Amino acid sequence: MSRSDRVEFFSKHDMMIPHMLEKAERLLEHDLDFSVMNLNDLLEFHHVHKHFEGGFYLVRWSEAVKLGYEAKVKEAIQAIKVFLFNLAPADFSRVIGQLEFSNRSNFWQLFRYFEIFKRVDKPLFAELLNDHPRHIRYILSLEKLVQFYSAEVRAFLLSAEESAEILLGYYEQKHIGESPAWYFPKALTDNDKEEIINVYLDSEEPNLNFVELVRHARQLKLSPRTRLKAKQVAGKIKEPILNSPNATRFTMGATLNKDQDDAVAFETDADGTMAIYGGKYFDSLRSDLELFLVFSNLFLYSDKEGLITLVSHLSEMDQLEKLFTQSRSEYMTGMVFAKKNMLSMAQLGIFGHYLKERGRPIEAVIDGFINDFFKEIWGMANLIFKMPQADLSAFEKIRLLAPDMEYLLKQYKAFVNDGDIEHELLQMDSTPLNFSDLPSLLAKKYLFSTHSTILELQAIFFNPNSMLARRGEEGNDETVFHALATKPMLKTDFEDYQRAYIERFISEGYLTINEEGVLEMVDPVMIFIAGRLYETGHISYWHYSSELRVAIDRMTEEGLLEVSDRLLTKEETSYLNFYLNAKEFSNGLDLRNKYLHGSHGRDIKQQEMDYLYFLRTFIVILIKLCDDVVLWQKFQRS
């Protein structure tokens, strides 16, 4: 039998389960003689067993049919036991070498379950590992085997070529979906692990992805010397790649046209996109408040819900980017994030240059905005804050702005909690400020969800890789939500393999068919909200209409949504941590700490770039404060 015809069990959440049960039915309907089957044939029944063990059966099977199938599978499992018990030690290597890929994990699971390891002595096991080194990954998933053969597994890992990638994949790599559940022998020390990593770094062709994992390692206890070696190795690997004529390059830029009336115009060519901002439009903005709002209203540092647009979202990454090897302690980014970063920095640069020529540098504009907006308009009269002078060096500006920004946020926190700012009390509090702890003036600021129903709606209706997504040319796939929302769709408009899923979602109450035979969403508002959460992670409650807030309240009461009363969403908190500290991510810029502690670089141009990053980060914080106060005044101040 070919591998494609085999029954396979992948996971309890796999959408291929109905298809596999159809195959299992055809298999179990035959007259079976297990005594003449080879091990691969027998192990197919172990895959069937896993389906039954998980409670998966076809709806049409009666109880009698289920019992009959289960009896056959039980008989097959017993036949596997007999096969393994009768296997001579000299035949183990040959049999393992004949295993089909899908049966390797099952073999070792049953090797442990039937305690075959008690019949295979340790020298033979070491020999099997050396003969079949790829099988170490299946063995590592079985704690009992790892500890029983502890010395042999340790010796193998110290000598095997892929051991470093195994260690890094387990301890440091970020996984989309389930992480590998591996165990390592207690005899494998931290020094052993570092030795394995160093041998890998010294090898002829280390994989750049794994070298980067060494650089950003947090779980593995690696010395600064090993991290430095990883940085140097990564540099050597990257240099020819970046200088290759085949490297993909893109640009995102911004410029100023002093004679342009329009706020912005875009030009796109083969090299990238250029945003051209109008000098006459900037000239028309008179107050510091109007000038500051350019960052949210024109540069779009925030969206219509007041959410910061510059953060990295998983929904913005394509499938290939999600598959790239990244550290679990790393801030995950992709091409869209890189473009947003480039454009926003260019915007800040040209606007700062414009303001300087206008005779009111950006530091003065921000200072004026804080004074006018928070102190004059909203009554925070005793708020203390002062931007650094524009003529100071970038190094000095960061050293001054970092603590003053933190104190500004502490004052805002006090205003939210106490209704006033008591500086003497704040000066007695030396507790470090965590962005995740900053409160909002609104009790119901954001909604988010971890509910299985919302996650399923997102996977069905908004994931471009959903089984129901409509495949277009050149990767232009259309989500099923967009298809249903923009045109009449019939069941026959979907491919044959998709119609079974349409039936399933009709039976589960997500879809219905109207009198004209057109597919409709049963609760389009709920699905829309699930989609917004898929895109941004959170939705801002008070930015929605009263009608939509009623639907959001209903979903909250039903337990589908959870409420946050924080100033920042989780995604925004992570974004700030990425730039300002090393609290959450190993690849962050750590701008606040490295300048306060003197561990920054001495390159002047790099310091100037760091200041722009710091300044942009402070601007988005001010945008969040502004949004919070405006919503509070409009909806809840009374």
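Keep in mind that what you see is a predicted model, and the values were worked out from it rather than measured.

Undergrad: Now, about the overall build of the protein: what can you tell me, with residues and values included?
TA: A count of helices and strands for the protein gives 29 helices and 10 strands. Summarising its shape, the C-alpha atoms of the protein cover approximately 90 × 70 × 55 Å along the three principal directions. For the protein, buried positions account for 47% of its 638 residues. For the protein, contacts bridging at least 24 residues in sequence account for 67% of all contacts bridging at least 6. For the protein, the accessible surface area stands at approximately 32200 Å², while carbon and sulfur atoms represent 51% of it.

Undergrad: Pulling in residues and values, what's your account of the packing of aromatic side chains?
TA: Throughout the structure, instances matching the rule amount to 49 aromatic pairs. Judged by centre distance (6.5 Å) and plane angle (25°), the rings of Y170 and W182 are stacked. Residue Y170 is found in helix α10 (residues 163–171), and its partner W182 is found in the loop between β1 (173–174) and α11 (190–201); the two are separated by 12 residues along the sequence. Looking at W182, the relative accessible area reads 12%, which means it is buried. Centroid distance F299 to Y301: 6.3 Å. Interplanar angle 40°. Geometry classified as tilted. Just as F299 is buried, Y301 falls in that class too. K66 extends its terminal NZ or CZ atom over the ring of Y57, reaching a point 4.8 Å from the ring centre.

Undergrad: A description of the pairing of strand β3 (residues 264–269) should follow, citing residues and the corresponding values.
TA: Side-chain direction in a regular strand flips from residue to residue, so the side chains alternate between the two faces of the sheet. The element β3 is barely covered by neighbouring structure, given that only 0 of its 6 residues are classed as buried. Where β3 meets strand β4 (residues 272–278), 6 bridges bridge the pair, whose relative direction is antiparallel. By the bridge assignment for β4, D269 is matched with G272. Where β3 hands over to β4, the hairpin turn is made up of 2 residues, counted between the paired strands.

Undergrad: So what's going on with a negative patch on the surface? Which residues, and what values?
TA: A cluster of acidic residues, D418, D420, E422 and E424, forms a negative patch on the protein surface. For D418, the location among the structural elements is in helix α20 (residues 394–418).

Undergrad: I'd love a proper account of the sheet that holds strand β6 (residues 446–448), names of residues and values included.
TA: What the 3 strands build is an open sheet, ordered β9-β6-β10; its pairing is antiparallel. The open sheet terminates on both sides in strands that have one partner only, identified here as β9 (539–540) and β10 (562–564). With 3 bridges connecting them, β6 and β10 associate as antiparallel partners. In the strand pairing of β10, L447 is matched with V563.

Undergrad: Help me get a handle on unusual backbone geometry, residues and values and all.
TA: One non-glycine residue, L300, adopts positive backbone phi at about 60°. Within the secondary structure, L300 sits in the loop between α16 (294–297) and α17 (319–323). Notably, D590 is not glycine yet its phi reads approximately 55°, a positive angle. Residue position: D590 is located in the loop between α27 (570–580) and α28 (591–596).

Undergrad: Outline the sheet that holds β3, supporting the account with residue identities and numerical values.
TA: If you trace the 3 strands from one edge of the open sheet to the other, you get β2-β4-β3, paired in mixed fashion. Bordering the open sheet on either side are β2 (251–257) and β3, each of which pairs with just one other strand. For this sheet the average axis-to-axis angle between neighbouring strands, irrespective of direction, equals 20°. Across the sheet, helix α18 (residues 335–358) lies against β2 and β4, angled at about 20° from β2, the strand it touches most.

Undergrad: Mind laying out the pattern of salt bridges, listing which residues take part and the relevant values?
TA: In this structure the tally under the stated criterion is 38 salt bridges. With a shortest N-O distance of 2.9 Å, E456 and R504 are connected by a salt bridge. One end of the pair, E456, is in helix α22 (residues 452–461); the other, R504, is in helix α24 (residues 496–507), and 48 residues separate them in sequence. You can call E456 partly exposed: its relative accessible area is 23%. The exposure class assigned to R504 is partly exposed, which follows from its relative accessible area of 32%. If you follow the salt bridges from partner to partner, you end up with R6, D41, E44 and E100 in one network.

Undergrad: Quick rundown of α24? Include the residues and the values.
TA: The end-to-end C-alpha separation of α24 is 18 Å, in line with the 16 Å expected for 12 residues at 1.5 Å each. All of the buried residues along α24 are Q498, Y501, I502 and F505. Buried residues of α24 fall within an arc of 110° about the axis and therefore sit on the same side. Those residues of α24 that are exposed and aimed more than 90 degrees away from the buried face are D496, A500 and S507.

Undergrad: Talk me through the environment of V199; I want residue IDs and the actual numbers.
TA: Relative to the elements of secondary structure, V199 occurs in helix α11. For V199, a relative accessible area of 53% puts it in the exposed group. In sequence terms V199 and S163 are 36 residues apart; their C-alpha atoms lie 10.0 Å from each other.

Undergrad: For the packing of α20 against helix α29 (residues 604–636), give the residues involved together with the corresponding values.
TA: At a minimum axis separation of 10 Å, α20 and α29 run at an interaxial angle of 15°. Overall, the two elements α20 and α29 adopt an arrangement that is roughly parallel. Viewed along their axes, α20 and α29 form a crossing whose handedness is left-handed. Taking contact as the criterion, the partners of A394, F395, K397, I398, L401, A402, M405, L408, L409, Y412 and F415 in α20 are, on α29, Q607, E608, D610, Y611, F614, F618, I621, L622, L625, D628, V629 and W632. For the contact of α20 with α29, the class distribution of residues is 18 nonpolar, 1 polar and 4 charged.

Undergrad: Explain α20 to me, and be specific about the residues and the numbers.
TA: The end-to-end C-alpha separation of α20 is 35 Å, in line with the 36 Å expected for 25 residues at 1.5 Å each. Looking one or two residues beyond α20, the residue adopting positive phi is G419, at roughly 75°.

Undergrad: Give a detailed account of the side chain of D627, specifying residues and quantitative values.
TA: Here D627 lies in helix α29. Ignoring sequence-local partners within four residues, the contact set of D627 consists of E305, G306, K445 and H543.

Undergrad: Please provide a residue-by-residue account of the nonpolar core, values included.
TA: In this structure, F282, F295, I366, F374, F618, I619 and L622 are the most contacted members of the largest nonpolar core, which totals 79 residues. Broken down by element, the residue count for this core peaks at 14 residues, all from α29. Membership of the second largest hydrophobic core comes to 75 residues, among which are L27, F52, Y200 and L220.

Quick notes on the rules
Residues numbered from 1 in each chain as written. Predicted model: local features only at pLDDT ≥ 70, side-chain atom pairs only at ≥ 80, totals over all residues. Heavy atoms only, no water. Helix = DSSP H or I, 4+ residues; strand = E, 2+ residues; numbered from the N terminus. Buried < 20%, exposed > 50% of the residue type's maximum accessible area, 1.4 Å probe, protein only. Contact = heavy atoms within 4.5 Å. Areas by Shrake-Rupley, 256 points an atom, 1.4 Å probe, with all protein chains shown as cover. Phe/Tyr/Trp six-rings, centres within 6.5 Å; stacked < 30°, edge-to-face > 60°. Lys NZ or Arg CZ within 6 Å of the ring centre and 35° of its normal. Pairing = 2+ DSSP bridges. Patch = residues over 30% accessible without salt bridge, like charges linked within 9 Å, V, L, I, M, F, W, Y side chains within 5 Å. Salt bridge = Lys/Arg side-chain N within 4 Å of Asp/Glu carboxyl O. Lys, Arg positive; Asp, Glu negative; His and termini not counted. Charge placed at Lys NZ, Arg CZ, Asp CG, Glu CD. Axes fitted to C-alpha atoms, helices over the stretch in contact; angles between N-to-C directions. Expected span 1.5 Å × (residues − 1). Arc of directions from axis to C-beta. Parallel < 35°, antiparallel > 145°, perpendicular 65-115°, else oblique. Left-handed = near helix turned anticlockwise from the far one by under 90°. Nonpolar A, V, L, I, M, F, W, Y, C, P; charged D, E, K, R; others polar. Core = buried A, V, L, I, M, F, W, Y, C linked by side-chain atoms within 4.5 Å.

Shape is all these values report; function is a separate question.
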